[in-house]
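Now for the letters of each chain:
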Amino acid sequence: MASMPYCPSPSQAVVDLAAIVHNLGQVREQAGGRQVMFAVKGDGYGHGASQCALEAQRTNAADWFAVANVAEGQKLIAAGITRPILKLSPALPHDLDAAATSGMRLTVTDDTNIAATGRSARRLARTVKVHIGVDTGMGRIGLPAGELLRLADLVDREPNLELEGVFTHLPLADTPDGEDFTTHQIEDFLAAVERTATSRGPIAQVHVANSGAVLGHDLGATTMVRTGIAAYGYDPNPSLQRANLRPALAWRSWVSFVKQVAPGTNIGYGRTWTAERSTTIATIPVGYADGFPRLLSNRGVVLLGGRRCPVVGRVCMDQIMVDAGPHAGTKVGDEAVLIGSQAGETITADDMATAAETISYEITSGLTARVDRYWINASQ
Ligand SMILES: *Cc1c(COP(=O)(O)O)cnc(C)c1O
């Protein structure tokens, strides 16, 4: 049987690896000698976890990597990541054996979880390095900081666990209003770390800062920062823009159909948009199944011919329609930029997020597997 010709996806995401290295450099500068942990969960916030992590490892832009689940860590190791990888949340009981054999660092949170992790490590005859995750106000995982010393003692009593780190997470680090709260969180946490270290000896890695905190907070006696969104080129608070960050991901497609419409013409499901004048409607082959949010129906913008053109009608699963304007001259095959620059105009993931009532994180990590990724500007 004749093999079928390869055909790329009708939209593509282009990830600039040099931008990621640059952004990690900005974070490293702000981190003041602390180690840099690069969060590549969610397939590198949609940018390709292995490709971004390998580039960061090759260029020494990151010292550590962080993932959300065991499979993500296993993939990084299989791809050639040799620097330490931390799983940022406790493993499910039925994932513990896979987690313990993976070689990655595990997060432990409480008595049950420490005991189960210790049992798994013992059964597999492995030494597992663990980080205790403490809750200082995020309310997601972990016990209060007052329990840290007791939990550290529990870990010490597990022969197959080695306490390598302690950390907490900051829910308000990206808002000026949260400054006092965050400062107190860091102080309370560091006081608990100090008591723990006094009683049992120093802890190698102490980490609190996400991108928001690296860019805006005094990080005290911590040894490492954990950055995700800043590495991909976005300030977690789009109104602050605290460092010289370069968005790493561009998303583009091409016009697949063009028509001139008369005033009164309706567009899309529900016929929610009506032309008020004669205009040019361009159809672009991306939709919510690619990660173009349906909330951008009659709200989003796309670059065509270097101009911002509004999305008209509802976003479909596989296509969107945009109003290119009365005398656009738009042709089938013209480039359409969904995220990125065209002839001096730019749409960022922040712009898209604002229109879709969400955050840049959800936009980039929401690009689905249907969108081919290309990586450019690698160091070698
Ligand atoms: C995702 C994550 C980070 C990175 O957060 P950014 O805001 O993207 O910098 C840091 N710490 C933990 C625990 C996380 O889950």
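Residues numbered from 1 in each chain as written. Predicted model: local features only at pLDDT ≥ 70, side-chain atom pairs only at ≥ 80, totals over all residues. Heavy atoms only, no water.

- The protein chain appears in an unreviewed UniProt entry as Alanine racemase from Cutibacterium granulosum DSM 20700.
- Under Sequence similarities (unreviewed entry), UniProt gives the following word-for-word description of the protein chain: "Belongs to the alanine racemase family."
- Here the protein chain is described in UniProt, under the heading Cofactor (unreviewed entry), as follows: "pyridoxal 5'-phosphate". (UniProt positions renumbered as here; feature names shortened; annotations may be inferred.)

1. Digging into the domain arrangement of the protein chain
Turning to step 1, where the next piece is worked out: Taken as a whole, the protein chain is organised into domain 1 (17-232) and domain 2 (249-347).
Turning to step 2, where the next piece is worked out: Using C-alpha coordinates to define each centre, domain 1 is positioned 41 Å away from domain 2. (Domains from an automatic or database assignment.)

2. Looking at the sheet that holds strand 12 (residues 257-261)
Turning to step 1, where the next piece is worked out: With antiparallel pairing, 3 strands are arranged side by side in an open sheet as 12-15-18. In this open sheet, the two strands that pair with only one neighbour each are strand 12 and strand 18 (320-325). Ignoring strand direction, the axes of neighbouring strands in this sheet form an average angle of 30°. (Pairing = 2+ DSSP bridges. Helix = DSSP H or I, 4+ residues; strand = E, 2+ residues; numbered from the N terminus. Axes fitted to C-alpha atoms, helices over the stretch in contact; angles between N-to-C directions.)

3. Looking at the nonpolar core
Turning to step 1, where the next piece is worked out: Among the nonpolar cores identified, the biggest contains 103 residues, and Phe-38, Ile-132, Trp-251, Phe-292 and Ile-320 are the most heavily contacted of them.
Turning to step 2, where the next piece is worked out: Counting residues domain by domain, this core receives three or more from each of domain 1 (17-232) and domain 2 (249-347).
Turning to step 3, where the next piece is worked out: Beyond its immediate sequence surroundings of up to four residues, Phe-38 is in contact with Ile-20, Leu-24, Cys-52, Ala-53, Ala-56, Ala-62, Trp-64, Phe-65, Ala-66, Thr-227, Ala-231 and Tyr-232.
Turning to step 4, where the next piece is worked out: In terms of nonpolar packing, the next biggest core, distinct from the first, is built from 8 residues, Val-261, Ile-267, Trp-273 and Met-321 among them. (Core = buried A, V, L, I, M, F, W, Y, C linked by side-chain atoms within 4.5 Å. Buried < 20%, exposed > 50% of the residue type's maximum accessible area, 1.4 Å probe, protein only. Contact = heavy atoms within 4.5 Å.)

4. Focus: the UniProt feature "domain: Alanine racemase C-terminal" (unreviewed entry) in the protein chain
Turning to step 1, where the next piece is worked out: The feature "domain: Alanine racemase C-terminal" (unreviewed entry), as given by UniProt, occupies residues 248-376 in the numbering adopted here.
Turning to step 2, where the next piece is worked out: With 10% helix and 40% strand, the stretch residues 248-376 has end C-alpha atoms that lie 10 Å from each other.

5. Quick word on the UniProt feature "active site" (unreviewed entry) in the protein chain
Turning to step 1, where the next piece is worked out: UniProt feature "active site" (unreviewed entry): in the numbering of this structure it lies at Lys-41 and Tyr-269. With a sequence span of 229 residues, these residues are also far apart in the fold, their greatest C-alpha distance being 34.9 Å.
Turning to step 2, where the next piece is worked out: Assignment of secondary structure puts Lys-41 in helix 2 (residues 41-45).
Turning to step 3, where the next piece is worked out: Lys-41 sits in the partly exposed class, given a relative accessible area of 27%.
Turning to step 4, where the next piece is worked out: In this structure, Lys-41 is in contact with Ala-66, Val-67, Ala-68, Glu-72 and Leu-88, ignoring residues within four places of it in sequence.
Turning to step 5, where the next piece is worked out: Following the sequence through the fold, Tyr-269 ends up in the loop between strand 13 (266-267) and strand 14 (273-274).
Turning to step 6, where the next piece is worked out: With residues near it in sequence (within four places) discarded, Tyr-269 still touches Arg-314 and Cys-316.

6. Quick notes on the packing of helix 7 (residues 148-156) against helix 8 (residues 179-200)
Turning to step 1, where the next piece is worked out: One can describe the packing of helix 7 onto helix 8 by two numbers: an axis separation of 9 Å at closest approach and a directional angle of 40°. Considering their axes alone, helix 7 and helix 8 lie oblique with respect to each other. The handedness of the crossing between helix 7 and helix 8 comes out as right-handed. In this structure, helix 7 contributes Leu-148, Leu-149, Ala-152 and Asp-156 to the contact, and helix 8 contributes Ala-192, Val-193, Thr-196, Ser-199 and Arg-200.
Turning to step 2, where the next piece is worked out: Tallied by class, residues from the contact of helix 7 with helix 8 come to 5 nonpolar, 2 polar and 2 charged. (Parallel < 35°, antiparallel > 145°, perpendicular 65-115°, else oblique. Left-handed = near helix turned anticlockwise from the far one by under 90°. Nonpolar A, V, L, I, M, F, W, Y, C, P; charged D, E, K, R; others polar.)

7. Some words on the pairing of strand 11 (residues 249-254)
Turning to step 1, where the next piece is worked out: Going residue by residue along strand 11, you find Leu-249, Trp-251 and Ser-253 tucked away on one face and Ala-250, Arg-252 and Trp-254 left uncovered on the opposite face.
Turning to step 2, where the next piece is worked out: Across 5 bridges, the pairing between strand 1 (residues 11-16) and strand 11 is antiparallel. By the bridge assignment, Ala-13 is partnered in strand 11 with Trp-251.
Turning to step 3, where the next piece is worked out: Two strands pair when backbone bridges link them, and strand 11 and strand 19 (residues 335-342) are joined in this way by 4 bridges, in the antiparallel orientation.

8. Let's talk about helix 4 (residues 70-79)
Turning to step 1, where the next piece is worked out: Listed as buried for helix 4 are Val-70, Glu-72, Gly-73 and Leu-76. Projection of helix 4 onto a plane perpendicular to its axis shows the buried side chains occupying an angular sector of 165°, all on one side. Away from its buried face by more than 90 degrees, helix 4 exposes Lys-75 and Ala-78.
Turning to step 2, where the next piece is worked out: Of the surrounding secondary structure, the elements contacted by the buried residues of helix 4 are helix 2, helix 3 (49-58), strand 3 (64-67), strand 4 (85-87) and helix 5 (96-102).
Turning to step 3, where the next piece is worked out: For helix 4, the capping residue at the N-terminal end is Asn-69, with a side-chain oxygen 3.4 Å from the backbone nitrogen of Ala-71.
Turning to step 4, where the next piece is worked out: Of the residues trailing helix 4, Gly-80 is marked for its positive phi of about 115°. (Arc of directions from axis to C-beta. Polar contact = N/O pair within 3.5 Å; in protein donor to acceptor, adjacent residues only side chain to side chain.)

9. So, the packing of helix 3 against helix 4
Turning to step 1, where the next piece is worked out: The contact between helix 3 and helix 4 brings their axes to 10 Å, and the two run at 55°. Considering their axes alone, helix 3 and helix 4 lie oblique with respect to each other. For helix 3 against helix 4, the interelement crossing comes out right-handed. Of the residues in helix 4, those touching helix 3 at Ala-49, Ser-50, Ala-53 and Leu-54 are Lys-75, Leu-76 and Ala-79.
Turning to step 2, where the next piece is worked out: Its residues placed into classes, the contact of helix 3 with helix 4 shows 5 nonpolar, 1 polar and 1 charged.

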